[in-house]
Number of protein chains: 2
Amino acid sequence: MKAGVNRYRVDLRELQFALFEQFKVGEVLGKAPFDAWGEQECRDIIKQSARFGAEVLGPLNETGDRQGCRLESGQVKTPDGFKAAWKQLHENGFKLLDFPAEVGGQGAPKALRLTVDELLIGANTSFSLYAGLTQGAAEVIEAFGTKEQLGRYLEKMMTGVWGGTMCLTEPNAGSDVGACASKAVKNSDGSYSITGTKVFISAGDHDLSENIIHLVLARIQGAPAGTKGLSLFIVPKIKIKPDGSLGESNDVSVGTLEHKLGINGSATCLLNFGENGNCRGELVGSVEHQGMAQMFKMMNNARIAVGVQGLALASTSYLNALDYARERKQGSSFKNWKDANAPRVAIIEHADVRRMLLDMKAKVEGMRAMIIKLGAHQDRAAVLGGSDEEKTAYHRGQVDLLTPLVKAYGSDTAFQVCTTALQTYGGAGFTKDYPAEQYLRDSKIFSIYEGTNHIQAMDLVGRKLGQAGGAHLMQFLADVGSFVEANKDHPAFGAEVKQLAAAQEAVANTAMSFMGWGEAGKLELLPSVANRFLEMMAELTVGWLLLDAGIIAEAAAKKLSAEHPDRKFYEGKKFSALWFAREVLPTVPLKAQLIASENRAALEVPADALATI
Amino acid sequence: MKAGVNRYRVDLRELQFALFEQFKVGEVLGKAPFDAWGEQECRDIIKQSARFGAEVLGPLNETGDRQGCRLESGQVKTPDGFKAAWKQLHENGFKLLDFPAEVGGQGAPKALRLTVDELLIGANTSFSLYAGLTQGAAEVIEAFGTKEQLGRYLEKMMTGVWGGTMCLTEPNAGSDVGACASKAVKNSDGSYSITGTKVFISAGDHDLSENIIHLVLARIQGAPAGTKGLSLFIVPKIKIKPDGSLGESNDVSVGTLEHKLGINGSATCLLNFGENGNCRGELVGSVEHQGMAQMFKMMNNARIAVGVQGLALASTSYLNALDYARERKQGSSFKNWKDANAPRVAIIEHADVRRMLLDMKAKVEGMRAMIIKLGAHQDRAAVLGGSDEEKTAYHRGQVDLLTPLVKAYGSDTAFQVCTTALQTYGGAGFTKDYPAEQYLRDSKIFSIYEGTNHIQAMDLVGRKLGQAGGAHLMQFLADVGSFVEANKDHPAFGAEVKQLAAAQEAVANTAMSFMGWGEAGKLELLPSVANRFLEMMAELTVGWLLLDAGIIAEAAAKKLSAEHPDRKFYEGKKFSALWFAREVLPTVPLKAQLIASENRAALEVPADALATI
């Protein structure tokens, strides 16, 4: 199969706006730990990533989907072209980007890293999973590994000589991580013998790298039940000799290569560890039973990455639909509908098509703003470097709070945008002649993996809202409140800022009401409304950030000559804000009402009344 | 490829409830033109159809998807097993069901036909398209053909010896039917020479029948532009000799076989007519330029059929997810979440899973109620036989009004239910080990073909609302009003009936406001809100019909012993009604508010402000 054409579309002006104009990454550049980075360096790396996406990864996206992975003699073969692209990706150093300089990384800000990720993932989601999993595993080793482990694994993983995975899920332990049945038994040499079966392992096996470093969650013999008794192990596919060279294979075998709805170029494997009693691993770090905390480091990054995946596919899906809407002629203007001889117009002229396009545009930009805001908080915490505990706690708290929103809202909205994009084409969208159907298929997994969106919602209502005594939430609401106060009489956006205020109040009241539920013994209601609350809070966030962007854009436009090309761009930002504020923000108070109604129907319906079969 | 296992799941008790208990098809049975039909006959045919679906069509659904159709030497080959199933389908007489007795049909009520269609389509949507298109084409010939045409085509099409298609869409005439560029030139022998290209033709070519009778929309030389100048032609794939036997091929060729997201077992073709100047057709009936009216007969039935497709896939997708939720153990009860040793429970015990299940259940039952109500109106009009003009007009008016709701709400909701169903499985739903992903793929086309859902929405707000001076709408609203009046103090459903009243008022006021827009010169706003209005009206309808069903079920349950198996079934109906009334009906007044806000952002955003690329 030959490489195809690049279908990836991205509006770099938009990415630059989020990074430099709205979230002001310039304010952290040049300061430790980002000393080496200036605005030009950021712009250069964005340009390089976009080019790499367009020239190398994009052309492999459709062919990778059609060809898929295959299992040959127990080894996964990736689609044609992936191996060469893997080599180029690492030669370009893209995966060194935000590792610290101490370990050979480039020490870039997270906001930049998230932007680069959007570009690479948008060009080829399946391919990017191999690199993303490797990076995730390397980050865990970097954060928790012994000095010796850093030396043994890190550079090889950062440069793509070795790949990496995260092996958490088991046949009977998916959302219920604590039910993990994989076992580890300590050997006299300090190593552990690992046995167990892991399922749905992304990049679980492949031919891109010389070795694959699996991070495997398992329970050491005698450890307590549940999540507390779990440890994380480094389990290479091929054993590593003391001198760092590769030895014999490590009794890790691919049981199944999954056939899936989408991300067909990504190998999703069932892996068997220690079927022949010869699988050896080493503990991450030197303390047992730290698996859950270590896993969460990995999971949090992975959850943010899923939000970026959603953003990336929604964005290219939108822009492809926009291209089609500009080119495709069909029907005459609504004003001439009675005249059979009226000239045909591009479908972008039709109100319903414009409605779909503006809705997608607003949601894509909202997702991007939420993600770059998260990265900007990470970067500000890093720059503070512990110098101001209160401010650091604020930034870290906002990261914690935003993570489930980025993952769940980002993934649900991505699928919704991809659905709308497909509809924009009419019949053509249903065919494989356009990329819309692949984007739709690829994006469906985002709401499921790295913790289903309900797990995210429970993380939000059950953990994040109450974190630090509720301080993170209060600060978030106060930030929205300050924005409302400053802009409620804004000449262009005043009415919409009032919608924002109503949404903020609804979110605040609903969060408060959950405390009342706790006191009234009604906590069992929480899981049945958690997804809706997450949606409310994400919509509040997106509405806020889009209005903020709109106001920034309006002010910037005023400084430009009438012919400046940015004028149109800024006008587009204004309409994104108006659209979302008018169409989506008013749904937030209603959602609060629905939660307040304490509908128990789903809890009360008897399981055997759901069908007679 | 061997036939697979049947994955189709259906709750026959539910179908019987809709037919006999809610829409009382019994009241038309035994009366002309349904003289030959009693309740037992209906129940028997339902049972037979369900068995045929489970034994013959269901096992071909997954294999048909995987294998797809292929083009060999210009001829489409259908997946293995389709040809044998086609033969059995017609031997069983399923396609004779609602053709009148005069032409050799069985004269069954439409409500029964729609129920049987649900069963056959649910078992295998792709396969059913070949039969559905044939039936649609045969119905047009039956309604508009000359006596000679009836004799030549009808029996052969009803018995599957010949297939049929509807060839409307062209490369530059999709939603814009009037732009049709296919041409017909009358020959001296009364036949017409046809030239043109038709795209996205379902069942456009196949190997199931000896011949295929295409109904082709084309413009006779010299006819006016737009829809008024169109005529419909019978164009057989293979020419038919005067004695009815097959002659030479008719210059109709398959240009492309589409590769699609779903319904892979259904051949979607680009057809070229008359490339060699040798394509002959005959006019449907004997009067030229009637194509649009004839096409609408076909389209209306096809649109209802798309609603049934949506229902069928949503229903089996829901029931498969329910099966999985009953069997799959994961996590412990929310009440024991802190206890790592608490027993694992089936996921149906988790609130979020129950929420998804009850939401799907309610929507599936609501779609079914709307469809069977439509069929019941058709049957009541048929029984009146013109004896009561006013009542007949009422029933026909409700059919007209419900048709776009059935098509658009049925298709959008189907895709939404299929998405929720997939999510219920977690990671397993994304794999091809379960049917959820195929249902999702297959169902996406429903919002597009037979007129996109926006075309349906424009049909509703631009045509149906004002039909008969608005009488159909007023009668619809009055029917809801009578229900509200009768049940607003119902002990079990009173609060929910009040939600219904609020939704009814919102729909009524919004419809009225459209008249105001007309007077104020704001009609250009209509297309941008049409989809939302359709959704409101469909949700009002579904809320009403579910509450009606709930009240019927509650009354029926009271007459049963505590152990009667129907008790649980009726309780399930109650919860469907409560769920939808509490969760969905309250969104209707908000949608009215959003429409009333006259948001012009999508109309005003400059096309070149939608992206800088």
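Residue indices follow the written sequence of each chain, beginning from 1 at its first position. Whichever chain is written first becomes A and whichever ligand is written first becomes 1, with later ones labelled in order. Local features in a predicted model are, by the rule used here, given only for residues with pLDDT of at least 70; side-chain atom pairs are given and counted only at 80 or more, and totals for whole chains, interfaces and linings are based on all residues. Side-chain figures throughout are based on the complete set of non-hydrogen atoms in the structure, without hydrogens or water.

Caption draft 1: Main features of the overall build of chain A. Helix and strand content of chain A: 18 helices and 14 strands. We compute the radius of gyration over the C-alpha atoms and compare it with the globule rule, which gives 2.2 Å times the number of residues raised to the power 0.38. Relative to the 2.2 N^0.38 estimate, which gives 25 Å for 613 residues, the radius of gyration of chain A is 25 Å and therefore close to what a compact globule would have. Overall, chain A is about 80 × 65 × 65 Å in size when its C-alpha atoms are taken along their principal axes. Within chain A, the proportion of its 613 residues that are buried is 63%. In what follows, a contact means two residues having at least one pair of non-hydrogen atoms within 4.5 Å. Of the contacts formed within chain A by residues at least 6 apart in sequence, a portion of 75% connects residues at least 24 apart. Elements are defined by DSSP. Helices are runs of H or I of four residues or more, strands are runs of E of two residues or more, and each kind is numbered from the N terminus. Here the term buried applies to any residue with accessible area under 20% of the maximum for its type, exposed to any over 50%, and partly exposed to those in between, with areas from a 1.4 Å probe on protein chains only.

Caption draft 2: Representation of the packing of helix H9 (residues 351-384) of chain B against helix H16 (residues 566-583) of chain B within the structure. All names here are of chain B. Running from N to C, H9 and H16 cross one another at 95°; their axes reach a closest spacing of 9 Å. The angle between H9 and H16 falls in the class roughly perpendicular. Together, Arg355, Leu358, Asp359, Lys361, Ala362, Lys363 and Glu365 of H9 and Gly572, Lys573, Phe575, Ser576, Trp579 and Phe580 of H16 make up the contact between the two elements. Lines fitted to the C-alpha atoms define the axes, with helices restricted to the stretch that makes contact. Angles between their N-to-C directions range from 0 to 180 degrees. Roughly parallel refers to an angle under 35 degrees, roughly antiparallel to one over 145, roughly perpendicular to one between 65 and 115, and oblique to any angle outside these ranges.

Caption draft 3: Here's a closer look at the relation of the copies chain A and chain B. Mapping chain A onto chain B is achieved by rotating through 180° and translating by 0.0 Å along the same axis, at an RMSD of 0.0 Å. Accordingly, the operation relating the two chain copies is best matched by a two-fold axis. The copies were overlaid by least squares, fitting only the C-alpha atoms of residues that reach a pLDDT of 70 or more in each copy.

Caption draft 4: Just the nonpolar core, in detail. If you look at the biggest cluster of nonpolar residues, it comprises 395 residues, and the most contacted ones within it are A:Phe533, A:Met537, B:Phe533 and B:Met537. Top element by residues in this core is helix H8 (residues 291-327) of chain B. It accounts for 18 residues. Aside from chain neighbours lying at most four places away, what touches B:Met537 is B:Leu401, B:Leu405, B:Leu460, B:Leu465, B:Leu473, B:Phe476 and B:Val507. Definition used in this section: a nonpolar core is a set of buried Ala, Val, Leu, Ile, Met, Phe, Trp, Tyr and Cys residues joined via side-chain atoms within 4.5 Å.

Caption draft 5: Examining the pattern of salt bridges more closely. Just to be clear on terms, a salt bridge is a Lys or Arg side-chain nitrogen sitting within 4 Å of an Asp or Glu carboxyl oxygen. Per the counting criterion, the structure on display carries 85 salt bridges over all chains. Ionic pairing is found between B:Arg463 and B:Asp459, a salt bridge with its closest N-O pair at 3.0 Å. Taken together, the positions of B:Arg463 and B:Asp459, both in helix H12 (residues 453-464) and 4 residues apart, correspond to about one turn of that helix. The class for B:Arg463 is partly exposed, based on a relative accessible area of 44%. Put simply, A:Arg7, A:Glu62, A:Asp65, A:Arg66, A:Lys432, A:Glu437 and A:Arg441 are held in one network by salt bridges that share partners.

Caption draft 6: A look at the interface of chain A and chain B. With 95 residues of chain A at the interface, the matching set in chain B holds 95 residues. Approximately 8300 Å² of surface area, both sides summed, lies buried where chain A meets chain B, with 64% of it carried by carbon and sulfur atoms. Among the residues chain A hides against chain B, the three largest losses belong to A:Phe430, A:Leu610 and A:Ile613. Together they make up 10% of the total. We note a salt bridge from B:Asp176 to A:Arg344, for which the minimum N-O separation is 2.1 Å. Accessible area that two parts lose when put together, with a 1.4 Å probe and added across both, is what the buried area reports.

Caption draft 7: Structural context of the packing of aromatic side chains. Residue and element names in this part refer to chain A. Put simply, two rings from Phe, Tyr or Trp (the six-membered ring, in Trp's case) pair if the centres are within 6.5 Å, and we call them stacked under 30 degrees between planes, edge-to-face over 60, tilted for the rest. Throughout the structure, instances matching the rule amount to 33 aromatic pairs over all chains. With a centroid separation of 5.8 Å and 65° between ring planes, the pair formed by Phe17 and Phe569 is classed as edge-to-face. Residue Phe17 is located in helix H1 (residues 12-22), and its partner Phe569 is located in helix H16 (residues 566-583); the two are separated by 552 residues in the primary sequence. Each member of the pair Phe17 and Phe569 is classed as buried. Three or more aromatic residues joined by ring pairs make a cluster, and in this case those are Phe82, Trp86, Phe127 and Tyr130. Look at NZ for Lys and CZ for Arg. If either is within 6 Å of the ring centre and within 35 degrees of the ring normal, a charge sits over the ring. Here the guanidinium or amino end of Lys444 rests over the ring plane of Phe415, the centre of that ring lying 4.7 Å away.

Caption draft 8: Structural view of the packing of helix H10 (residues 389-425) of chain A against helix H12 (residues 453-464) of chain A. Residues and elements named next belong to chain A. The interhelical angle for the contact between H10 and H12, taken along N-to-C directions, is 155°, at an axis separation of 9 Å. Judged by the angle between their axes, H10 and H12 are roughly antiparallel. Here H10 and H12 pass one another in a crossing that is left-handed. Here H10 contributes Asp400, Leu401, Pro404, Leu405, Lys407, Ala408, Ser411 and Asp412 to the contact with H12, which in turn contributes Asn453, Gln456, Asp459, Leu460 and Lys464. Helix crossings fall into two classes, left-handed where the near helix is turned counterclockwise from the far one by less than a right angle and right-handed where it is turned clockwise.

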